[in-house]
Amino acid sequence: MSDQLIKPDLNFVKDVIASGGESLKKCFQCATCSVVCNLSPDDKPFPRKEMIYAQWGLKDKLFSNPDIWLCHHCSDCTAYCPRGAKPGEVIGAVRKLAIQNYSVPRFLGRALGSSSYLILLFAIPVAILLAVLASLGHLDLSAIPRGEGGAIVYSKFMPEIYIEVIYIAISLFAALILAHGVFRCWAGMMAAGGIGRSQMKKALLSTVVAIIVEILLHRRFAKCVVTKGRQISHLLVLYSFIGLAITAAWGVFYLYVLGWHSPYPLTNPMKWLGNAGALALLIGITLTVINRSRNKEKAGIGSYFDWLLITVVAAIAVTGMGAQCLRLADVAVLAYLTYFLHLVFVFFLFAYAPYSKMAHMVYRTVAMVFAKHAEKGVEVTPLK
Ligand code: SF4
Ligand code: SF4
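One structure accompanies this document, and this report is about it.

The rules behind the values
Residues numbered from 1 in each chain as written. Chains lettered and ligands numbered in written order. Predicted model: local features only at pLDDT ≥ 70, side-chain atom pairs only at ≥ 80, totals over all residues. Heavy atoms only, no water. Salt bridge = Lys/Arg side-chain N within 4 Å of Asp/Glu carboxyl O. Buried < 20%, exposed > 50% of the residue type's maximum accessible area, 1.4 Å probe, protein only. Helix = DSSP H or I, 4+ residues; strand = E, 2+ residues; numbered from the N terminus. Phe/Tyr/Trp six-rings, centres within 6.5 Å; stacked < 30°, edge-to-face > 60°. Lys NZ or Arg CZ within 6 Å of the ring centre and 35° of its normal.

Evaluated as defined, the whole model comprises 6 salt bridges. Between Glu50 and Lys49 there is a salt bridge; the shortest N-O distance is 2.8 Å. Residues Glu50 and Lys49 agree in their burial class; the two are buried. Measuring nitrogen to oxygen at the nearest pair gives 3.7 Å for the salt bridge that ties Asp306 to Arg292. Placement of Asp306 in helix α17 (residues 304-328) and of Arg292 in helix α15 (residues 269-294) is noted, with a sequence separation of 14 residues between them. As far as burial versus exposure is concerned, Asp306 and Arg292 are alike and both buried. A network of salt bridges, in which partner residues are shared, links Lys49, Glu50 and Asp67.

We describe a pair of aromatic rings using the distance from one ring centre to the other and the angle between the two ring planes. Here the structure, examined in full by the defined rule, presents 15 aromatic pairs. Plain terms: the ring middles of Trp186 and Phe370 are 5.4 Å apart, the flat faces sit at 90° to each other, and that makes the pair edge-to-face. Residue Trp186 is located in helix α11 (residues 160-193), and its partner Phe370 is located in helix α19 (residues 360-372); the two are separated by 184 residues in the primary sequence. Judged by its relative accessible area of 1%, Phe370 falls in the buried class. In this structure an aromatic cluster arises from ring pairing among Phe122, Phe345, Phe348 and Tyr352. Against the face of Phe28 rests Arg83, its NZ or CZ located 5.5 Å from the ring centre.

The following block contains the structure:
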């Protein structure tokens, strides 16, 4: 047996503790967590080994380990841990640090993980949007031009072209940063597994398709016991995002292909989809909050990083629905303010996606694709 030199990173241990894994040191390696986890495979179980990696500060081993993403934070392990070490919360903290590790520039990753920077993060979209409104002379809300019959028209308050330039720019920025992070994440998992490129190319497309189907059905969430309701709430949020993305594309088609300008009547099918998506988002995020609050004793309440995303998504749903209702009720000043807040929250979600918990969607998908190769002869943790 060869000796192995362990180089612990004590700062990493402190970061895990500060990120919601404060119970980390209680773990005494009994492996109950790996036994009770329904997502953990028998031949390479988690999260016991991740607990010791985290206690020893082995961050490189954790960041290159797909298992931190295969964990779906259902918290069955946390509920049954005899030491109250909350492994689900510890792995959640490790995921947050992995997102920070993969994202550039690093300071944005740190900023999204700390409440000290929250005002600054919101100040950026507020300043950009206020600058646009000021340049248009639209800071005086009582003087915003109205549409036909005196109707409130948001595109007269903030013209579509400005929305498109700003939101396409931040979406491209986020996509590039995420692509860079995915490349590093994938390369790290390959190197840690000693896997060559030619091995990984085997049936990669069919694996990606299988994983997308798996995600669309959320079968793995169905295996959670303590937080069983997460499957429904998570699915509602996922499908609402898909519905709202289709609505946005539909709106672009109306505007640039058919030349139809908003606002569209409530009887328009595009509005049905948009409102159904917003309603699903509101219900999904409400169920998420209820689920977390109900299970806080057994499963842990979650970290600042978790709650920041929940709050921003909830704010998008509330301000989106609120802006529509206030427009229809013709409460002009409040309607414009609500719409402005909606734009700020959407900016926050899109621009900071690579640094916030939103990024888990991408990294978890990548890890699931990676792990799926176990079923095709590549030596990595198999998906259970
Ligand atoms: S986290 Fe808890 S259940 Fe898991 S090995 Fe440590 S003490 Fe045991
Ligand atoms: S949080 Fe859930 S999925 Fe993650 S290790 Fe614990 S039991 Fe398994």
